[in-house]
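# Report on the structure
Residue strings, one per chain:
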Amino acid sequence: MVKKSLSRIYMALIFIFLYLPIVVLIFLSFNNSKSKVAWGGFTFKWYINCFQSETIMSAFITTIQITLAAAVISTILGTMAAIGISAMRRKSRTIFLGATNIPLLNADIVTGISMMLLFVKFIDLGFITVLIAHITFNIPYVILNVLPKMKEANRYTYEAALDLGATPFYAFYKVTWPEIKPGVFSGFIMAITMSLDDFSITYFTKGAGVNTLSTMLYTELRKGINPELYALSTILFAAVFLLLLVMNFGVGKGKKDQKGGKLA
Amino acid sequence: MNNLKKQLLAGPYLIWIIGFIVLPMIMIMIYAFTNADGAFSLEYLSAITTTTNLNAIALSLKLGFLATLICLVLSYPLAMILSSFNFKHQNFVVFIFMLPMWMNFLLRIMAWKLLLSKNGVFNSVLHTLGLGSFNILYSPTAVILGMVYDYLPFMLLPIYNSMVRIRKDIIEAAQDLGANNITVFFKIIVPLTLSGVVSGIVMVFVPALTSFAVSDILGGGKVLLVGNVIEQDFMQGMQWNAGSALSFVLMIFVFISMALVNQFDKDGEGTAKW
Amino acid sequence: MKKRIISVMLIAAMTFSLFSACGKQENENASSSRETITVLNYGKYLDEDALRTFEEETGITVKYEEYESPEEMYTKYKSGSIDYDVICTSEYMIERLIQENEVNEINFSAFQNYDNVDPTIIDFCGSFDPEHKYTLPYFYGTVGILYNKTMVDESEVQSWDVLWDKKYKNEIIQENSVRDAFMPALSKLGYSINTTDPSELREALDLLIEQKPLVYAYMVDETGDEMIAGNAALAVLYSGEAAYAMDFNDDLAYSVPKEGSNIWIDAWFIPKSCTNQSGAQKFLDFLCRDDIAMLNFDYVYYTSPMLSVLQDQDEDVRNDEVINPSKETLERCEVYKALSEKDSTYYSNLWQELKSTQ
């Protein structure tokens, strides 16, 4: 029993460690006083300012555009690549997987700088360069999610479908797709998470006037106190909380893959 | 024939690899091995040994090591506790501990700034209670704290994953054979979670070693890590060759440590398959 | 059933993304057919409302980007990765860029509001732009010490020495910008703030290394907020940031030490990378307009070279030594001169050495 309460206490301590900063942000987002931590009355004005701030809103929109576009494109490219790789001989497969591992293993700052050095030679930095960079670091996650499913998929059913006169596309859609679909989706989700969270790579590949939430925050944080950002934190936290709650518990149990996903 | 067609599907990705993975790596190498005039030179690679760079590397290693160690010490017991829950609650509890990770890390760092500031939340509370004050904001300690806060889930999750995979009957069998709790822990739980620990270490150590935003914000410009030197070389000093040389060294270092980890972690739960 | 909900959610997300990607495309097309200018400026150095007004009035879209130190601006510009149309920075950086032939002439005769610029200030800009054809002065001011009267006595801040006083351990905020950080040390040593003598700079570095344990943080734009919150006793900062902070906290005061300091001018210029010269000129002309100049002055609080701003100021603001420094103060101060590439690399290596010392 002692052991149990000890472990409860330990859990509670870590819980406090993890959530205290977030609680403080939420609390301060309703605080009427700007520069002091002391309570200065209840207000919604930071929320209103937050929605009216062009800096925050345009960063928000850019983030969504980059994230979704990068996730969709990398899912398509990555799934195609995974299908291709699974049909390869050992040698070329090793080469492909080796290259796939580079952005995974490399430090973000190195990946960011290497791409910047390349882009600067050929094109202006801007929305497109950020998008390319995001697609590049997303693809490996998609491949690593789809590839195991491809291995599990029974290739003979696909060939049987072909023998029975199905077109390759129809056979793929009817036979292979259902088997790899979960991998494709978890790759997609993972790509979204990685894109949303990225700072270093975006920081080095972005152009003037293009800001994702991360790079916008970095600039704003160096300019001093800005309670609109507390409001933003609260909104984002609430959104993430609800979304994850719905995805994990409202929709299906045992979806542990997805949480593991963020990791990768 | 059909196989070949399938392989062609990887074509666009091949082009992508060459264009956006291989070429950028070559660019870094070109800059690292040339001087400002574009001629071949080892000038910048050998500049790694300047006091500034050595200091920065030493500090990065130190902070990275401490952050990783603290994450490990905090996560391991927590993972054990979490894995002991019955399945119904388990998902929810793990979810609670992973949730903060989904919020943008810069916002979480900002929160710590508010907590630690001289007239911040902690000090206000201490002041009200009549207990002095403490100042760790803008110091290496604050940077370690920020890193631990940011990367704790990266350590927790792999350890937890390897922990839940341990089959209860193995432990029961050991106990039936007379093993006490300590023996069970050291002979069964530790060896079976080692691969999770190794992945956790890699996933915390590499970002901690190379980050520049956390040290910039919580270090108050006083803490210069390798990442900060590189960032300044590129964004302020106009010293792209020096920055590339440092990045190149960092890249080699990371790859070598990954190779070592892979060597050690044959059963595949480590880096390659997170 | 449950699986279905997931797929519906994901498909919705995907269509949305395609839709928004298309939206972006349209946007880009729209903006490329519409005029744009890309502006690079210091952080917190222009009222966002002014940008919005400019966009509404002219139909020109402004891509606005901020930076922290002149060295950062130089690097951003020189990397050539972004074609900036108009940039605001400090005099010594402009001088360097003029020397490097990176600056376009501005056709001031096309301006409607150029008369608003104080001729004495234009004269003053002669130190880095002798023919007055490359730059438009934006704001000027001094560097000094902002101190908290409850913690520091006025008599102490008459000298830079106070920044090395051990009793203010962890109470000092230093400038996080190479030259502004070296300036107090050089002044204290009695050297010119424009020295390029390696041994003099070394000496200054040693002083700064000695100071580092006393420093609470190195900052630029955050300094004001930290001082308002009472997190430090002393800060090296620019006069306008000081005036802003003093507005929020009555305990704060500003001093320009007797050893002398830096007087700086920030000015706009049109770089060679400019792709829309007329748009850039319109923007600069717009900044000289009475109402816009006043709007920006109220936002940044530095000394404005615009005549209308000086006229419209309240009596107490006009006599405020911080916002409008006296002649006597200005005489103690020196303007930064441009550094050669070699010297600035030397400077930035010393700077990194300081930062890396524990």
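On a predicted model such as this, the values are computed, not experimentally measured, just so you know.

## Describing helix α10 (residues 277–288) of chain C
All names here are of chain C. With 12 residues, α10 should cover 16 Å at 1.5 Å per step; its first-to-last C-alpha distance of 17 Å lies within 8% of that length. The buried fraction of α10 amounts to nine of the 12 residues, a majority that puts the element mostly inside the structure. Of the surrounding elements, those touching the buried residues of α10 are β1 (36–42), α2 (48–58), β3 (86–90), β5 (135–148), β10 (261–271) and α11 (290–300).

## Focus on the nonpolar core
Of all hydrophobic cores here, the largest spans 286 residues; its most connected members are F182, L234, W268, F283 and L284 of chain C. For this core, the leading source of residues is helix α8 (residues 140–164) of chain B, giving 15 residues. If you look at the next biggest cluster of nonpolar residues, it comprises seven residues, including L105 of chain A together with V198, V206 and M258 of chain B.

## What about the interface of chain B and chain A?
Each partner contributes residues to the interface: chain B has 83 residues there, and chain A has 84 residues. Of all residues in chain B, the largest losses of buried area upon contact with chain A belong to Y13, W16 and W102 of chain B, amounting jointly to 9% of the total for that side. Across the chain B-chain A interface, the total number found is one salt bridge. The residue R222 of chain A makes a salt bridge to D216 of chain B at a minimum N-O spacing of 3.9 Å. Between the two partners, chain B and chain A, sit 10 residue pairs in polar contact (both at pLDDT 80 or more). Looking at the side of chain B that touches chain A, the element that brings in the most residues is helix α2 (residues 11–32) of chain B, giving 14 residues. When the residues that make up the side of chain B that touches chain A are grouped by side-chain class, the tally is 66 nonpolar, 13 polar and four charged.

## Notes on the UniProt feature "transmembrane region" (unreviewed entry) in chain A
All names here are of chain A. When the UniProt feature table is mapped onto this chain numbering, "transmembrane region" (unreviewed entry) sits at residues 9–30, 56–83, 95–119, 125–144 and 229–251. Secondary structure within residues 9–30 divides into 95% helix and 0% strand; the distance between the first and last C-alpha atoms comes to 30 Å. End C-alpha to end C-alpha, residues 125–144 measures 29 Å, and it is 90% helix and 0% strand.

## What to know about the UniProt feature "binding site: spermidine" (unreviewed entry) in chain C
The UniProt record marks Y92 of chain C with the feature "binding site: spermidine" (unreviewed entry), using the residue numbering of this structure. Tracing the backbone shows Y92 of chain C in helix α4 (residues 91–99).

## A word on the UniProt feature "domain: ABC transmembrane type-1" (unreviewed entry) in chain A
Listed under "domain: ABC transmembrane type-1" (unreviewed entry) in the UniProt record, and renumbered for this structure, are residues 60–247 of chain A. For residues 60–247 of chain A, helix accounts for 84% and strand for 0%, while the C-alpha atoms at its two ends are 22 Å apart.

## Concerning unusual backbone geometry
Residues and elements named next belong to chain C. In this structure, K44 takes a positive phi of about 55 degrees despite not being glycine. Following the sequence through the fold, K44 ends up in the loop between β1 and α2. The phi angle at Y301 is positive, at roughly 70 degrees, despite the residue not being glycine. With respect to the helices, strands and loops of the structure, Y301 is situated in the loop between α11 and α12 (307–312). Owing to a relative accessible area of 17%, Y301 belongs among the buried residues under this scheme.

## Focus: a nonpolar patch on the surface
Residue and element names in this part refer to chain A. A cluster of nonpolar side chains, namely V2, L6, I9, L13, F15 and I16, defines an oily patch on the protein surface of about 600 Å² accessible area. Positionally, F15 belongs in helix α1 (residues 2–29). F15 sits in the partly exposed class, given a relative accessible area of 36%.

## Focus on the packing of helix α6 (residues 178–189) of chain C against helix α7 (residues 198–211) of chain C
Residues and elements named next belong to chain C. Contact pair α6 / α7: the axes reach a minimum separation of 9 Å and the direction vectors enclose 105 degrees. Viewed along their axes, α6 and α7 adopt a mutual orientation that is roughly perpendicular. Each of A181, F182, A185, L186, K188 and L189 in α6 lies in contact with α7, whose residues at this interface are E200, L201, E203, A204, L205, L207 and L208.

Calculation notes
Residues numbered from 1 in each chain as written. Chains lettered and ligands numbered in written order. Predicted model: local features only at pLDDT ≥ 70, side-chain atom pairs only at ≥ 80, totals over all residues. Heavy atoms only, no water. Helix = DSSP H or I, 4+ residues; strand = E, 2+ residues; numbered from the N terminus. Expected span 1.5 Å × (residues − 1). Buried < 20%, exposed > 50% of the residue type's maximum accessible area, 1.4 Å probe, protein only. Contact = heavy atoms within 4.5 Å. Core = buried A, V, L, I, M, F, W, Y, C linked by side-chain atoms within 4.5 Å. Buried area = accessible area lost by both parts, 1.4 Å probe. Salt bridge = Lys/Arg side-chain N within 4 Å of Asp/Glu carboxyl O. Polar contact = N/O pair within 3.5 Å; in protein donor to acceptor, adjacent residues only side chain to side chain. Nonpolar A, V, L, I, M, F, W, Y, C, P; charged D, E, K, R; others polar. UniProt positions renumbered as here; feature names shortened; annotations may be inferred. Patch = residues over 30% accessible without salt bridge, like charges linked within 9 Å, V, L, I, M, F, W, Y side chains within 5 Å. Areas by Shrake-Rupley, 256 points an atom, 1.4 Å probe, with all protein chains shown as cover. Axes fitted to C-alpha atoms, helices over the stretch in contact; angles between N-to-C directions. Parallel < 35°, antiparallel > 145°, perpendicular 65-115°, else oblique.

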